[in-house]
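Below, each chain spelled out in residue letters.
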Amino acid sequence: MDNLFAWTENNRYHLSVGAVILNSEGKILVHKLARIGDKYFLPKKTHKSNSTLEDTLSRVEAETGYKVKPIRYLGSRQSTFPDNLGNQVNKTTLYILTEIIEQTQRDSEDRDSDSELLWMDKAELINIMKDQGKSENDLDESSILELL
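These remarks concern the structure in this document. (Residues numbered from 1 in each chain as written. Predicted model: local features only at pLDDT ≥ 70, side-chain atom pairs only at ≥ 80, totals over all residues. Heavy atoms only, no water.)

### A closer look at the overall build of the protein chain
Next up, step 1: Helix and strand content of the protein chain: 4 helices and 7 strands.
Next up, step 2: Ordered by position from the N terminus, the helices and strands of the protein chain form the series β-β-β-β-α-α-β-β-β-α-α.
Next up, step 3: Since a compact globule built from 148 residues should have a radius of gyration of about 15 Å, the 15 Å found for the protein chain is in line with a globular shape.
Next up, step 4: For the protein chain, the spread of C-alpha atoms along the three principal axes comes to 45 × 35 × 30 Å.
Next up, step 5: The buried share among the 148 residues of the protein chain stands at 42%.
Next up, step 6: Contacts spanning at least 24 positions in sequence make up 67% of the contacts within the protein chain whose residues lie at least 6 apart.
Next up, step 7: Total accessible area computed for the protein chain in this model is approximately 8200 Å², and 46% of it derives from carbon and sulfur atoms.
Next up, step 8: Of the charged side chains in the protein chain, 19 are positive and 25 negative, and the gap between their average positions amounts to 3 Å. (Helix = DSSP H or I, 4+ residues; strand = E, 2+ residues; numbered from the N terminus. Rg over C-alpha atoms; globule rule 2.2 N^0.38 Å. Buried < 20%, exposed > 50% of the residue type's maximum accessible area, 1.4 Å probe, protein only. Contact = heavy atoms within 4.5 Å. Areas by Shrake-Rupley, 256 points an atom, 1.4 Å probe, with all protein chains shown as cover. Lys, Arg positive; Asp, Glu negative; His and termini not counted. Charge placed at Lys NZ, Arg CZ, Asp CG, Glu CD.)

### So, the environment of Q105
Next up, step 1: Within the fold, Q105 resides in the loop between strand 6 (88-103) and strand 7 (116-120).
Next up, step 2: Taking relative accessible area as the criterion, Q105 reaches 68% and is therefore assigned exposed.
Next up, step 3: On a C-alpha basis, the gap between Q105 and K67 in space is 9.4 Å, while along the polypeptide they are 38 residues apart.
Next up, step 4: In this structure Q105 touches E61 and G65, once residues within four positions along its chain are discounted.

So far we have only geometry, and geometry alone does not tell us how the molecule works.
In structure tokens, the structure reads:
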């Protein structure tokens, strides 16, 4: 069965679950990815059919090397991103505030395993994301961080 929540050429809609991971100092874990121009973004995974939101959230561990526990739902945001042909995909991301249970290993096979993981202050990250959003709205997750 195809994943009902992942975009395809015939279905231009996508659903992801994002994690806002806080450490004990109140800093936020973020990816910085060189292959997309050193852009910053929060960890997130595509929601899969027949999975709970918590199941999808648990897959963030492979991406980050941190097992997390949900604290509360923060809300959602709508964005768009281009597919391989430049057609726009409509994306909804549900965000969950989390705390770290334990540090594990990042999965070298994960799509974002080549990112640099950074712990950043909320205010600095909000400014960076607002600036990124001027050219790519999918990379402005500042509205979620402002809810913290």
